[in-house]
Amino acid sequence: MNIKMDKNYYFSDEVYMLNNYETLAELLFPDITKTPEDYENIYPPRPLREGARVTRFAPSPTGYLHIGGLFGALTDVLTARATGGVSFLRIEDTDKKREIDDGVSAIIEGFRAFGVEFDEGVTGFGTEKGDYGPYTQSRRAEIYQTIAKSLVKKGLAYPCFCTSDELSAMRDEQENSGALIRGYFGKWAKCRNLTLDEIKKNLADGKPWTLRFRSDGSDDKKVIFDDIIRGKIEMPENTIDEVILKSDGIPTYHFAHVCDDHFMRTTHVIRGEEWISSTPKHIALFKACGYKVPKYAHTPQVMKLDGDDGNKRKLSKRKDPEAAVSYFVEKGIPKESLIEYLLTLLNSNFEDWRRANPGANVFSFPFNLKKMSSSGCLFDLVKLTDISKNIISEMNGETVLARTLEWAETYDKELFDLMDRDRAYTLGILSIDRDCPKPRKDIAMWSQVKDYIPYFYDELYHPEYFLPGSVTSEDAKAIIDKYIEIYDENDDKDAWFAKIKDMCAPLGFTPNVKEYKKNPELFKGHVGDVSSVIRVAVTSRTNTPDLCSIMKLLGRDKVIKRLKTFREEI
Ligand code: GLU
């Protein structure tokens, strides 16, 4: 008897068919002895309170963490924290093409560098924590095969013996005929109705097979799901008989994540918007397996402005160095700054919360997926830099010293050695204009420290001799001569400035800026010009932190030497 294995024949001889499915399942998976129920017992529902959300971040081990990945992971961690739930890191390594050797460490390092901590999951190359593991898909083959076997038993999956040539011929034909739905379905699904005998023969002939999902979807029916970020999404049902196990027994992403999210008891699948189009497929698989469909939240992409015409495009791994999280590590952007900035992108009410809770730990922010925008968010390096300057300006000198040294030890050995040589001196430098009501905001990242302090170190100091503003060489010389006469390294800030003011009138300058603005023709300049000459002579810069403090750190000999050299050079 030639019994077909399609559901259309199902009712004609149900018991016979089920027996065939059983036989087929044993034929395909002779070594699988566990049942889905065994895994239900191994991974029981999590004992969490009502409303607690279980989220996961699930990258492929590509050795690269995209800023969009950090953005997504933050969404997972904050969602779980805000609801008393659990977040975990799962490595999805079923696509060998995307994988590189130890592609996990770089991802973990990226998270570690920015203080993003998952409650469970992979913690390093070959290490993990949590009761719902293994958290690496390649170590879960038996689970997938057990579930696949159960689908075969229910007639919901079947082996496909089509070769890659046959499949690519199918794709060409579909493309040439302009088919609206493309893939393995309907008349294209040649193996869907193979008889048990035909399958047995193919297996006996050693033909490789993949396992396909037997879809019962119909494209004139809709699948509707509520996306927490985007609201109701309506799409045609899935009709494609997707591959769920590849010929080597490794699952595809579609199937693997369904099994994993069920057994890891994920409540909320938060993932990039590029997965929206596959969601009907995933919902069909969850249902076929008898699992509760999780809630979905598809996050927007991280974009950047492209050119001057206001066009946006996705931050690209190939074109944009700032697409990689490692870029911010290398630049020395403090973790607080990047996370703070990403939060402003993630939730529209974050900035209000921050104003109301200055100094609160960012991870205590009551994050709400509903407040996430569904359109691509613009990654703005300038805004990040501003946020970072504020954050660093609030750190004390000790912190800035420790954090810069930590960064420089890896990324700028010369700077590290200079700063490490005399830590008290370096601390003095980094403490100028800090811990005060209006701290300066010069530094946004540790890689900028070197350019902030060069005049403190002879090795870094390559002075240029120039005259600030409209001061003439004659006047500059007179200012320097006078200043050398009255300079006293023991003067405090007030005494120092009083002296600068006193110098003004005899040299034709005014100590009073307002007065100068009223009658500029009466003076050569004002007190600001006088101090600028001294500043440029000592630091070769027109803008520095407090000059009196700088000179104290440099010491008398160096200051006098610089003043004299400047006088000679101009
Ligand atoms: N492994 C998938 C990726 O790397 C993750 C998709 C998901 O989060 O479900 O894109």
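Up top is the structure.
Residues numbered from 1 in each chain as written. Predicted model: local features only at pLDDT ≥ 70, side-chain atom pairs only at ≥ 80, totals over all residues. Heavy atoms only, no water.

(A) Expanded view of the state of the cysteines. This structure, assessed with the given rule, holds zero disulfides. Looking at the unpaired Cys548, the closest cysteine sulfur is the one in Cys436, lying at 14 Å. Using a relative accessible area of 4% as the deciding quantity, one classes Cys548 as buried. (Disulfide = S-S within 2.5 Å. Buried < 20%, exposed > 50% of the residue type's maximum accessible area, 1.4 Å probe, protein only.)

(B) Structural context of the packing of aromatic side chains. According to the stated counting rule, one finds 26 aromatic pairs in the structure shown. With a centroid separation of 5.8 Å and 25° between ring planes, the pair formed by Trp407 and Tyr411 is classed as stacked. Taken together, the residues Trp407 and Tyr411, both in helix H15 (residues 397-411) and four residues apart, mark about one turn of the helix. Exposure remark for Trp407: the relative accessible area of 9% places this residue in the buried category. An angle of 50° between the planes, with centres 6.4 Å apart, marks the rings of Tyr465 and Phe566 as tilted. (Phe/Tyr/Trp six-rings, centres within 6.5 Å; stacked < 30°, edge-to-face > 60°. Helix = DSSP H or I, 4+ residues; strand = E, 2+ residues; numbered from the N terminus.)

(C) View of the layout of surface pockets. Roughly 1,200 Å³ of internal volume is contained in the largest pocket. If you go around the largest pocket, you meet 40 residues; those closest to its centre are Ala58, Pro59, Arg98, Glu274 and Trp275. Of all the secondary-structure elements, those providing two or more residues to the lining of the largest pocket are strand E1 (54-57), helix H4 (67-83), helix H9 (253-263) and strand E10 (268-272). Residue contributions to the lining of the largest pocket peak at five residues, all from H4. Residues of the lining of the largest pocket, tallied by class, amount to 12 nonpolar, 13 polar and 15 charged. (1 Å grid on protein atoms, 1.4 Å probe; cavity = no way out; pocket = protein on both sides within 12 Å on 5 of 7 lines; lining within 4 Å. Points joined across faces, edges and corners; volume = space filled by probe spheres on them. Nonpolar A, V, L, I, M, F, W, Y, C, P; charged D, E, K, R; others polar.)

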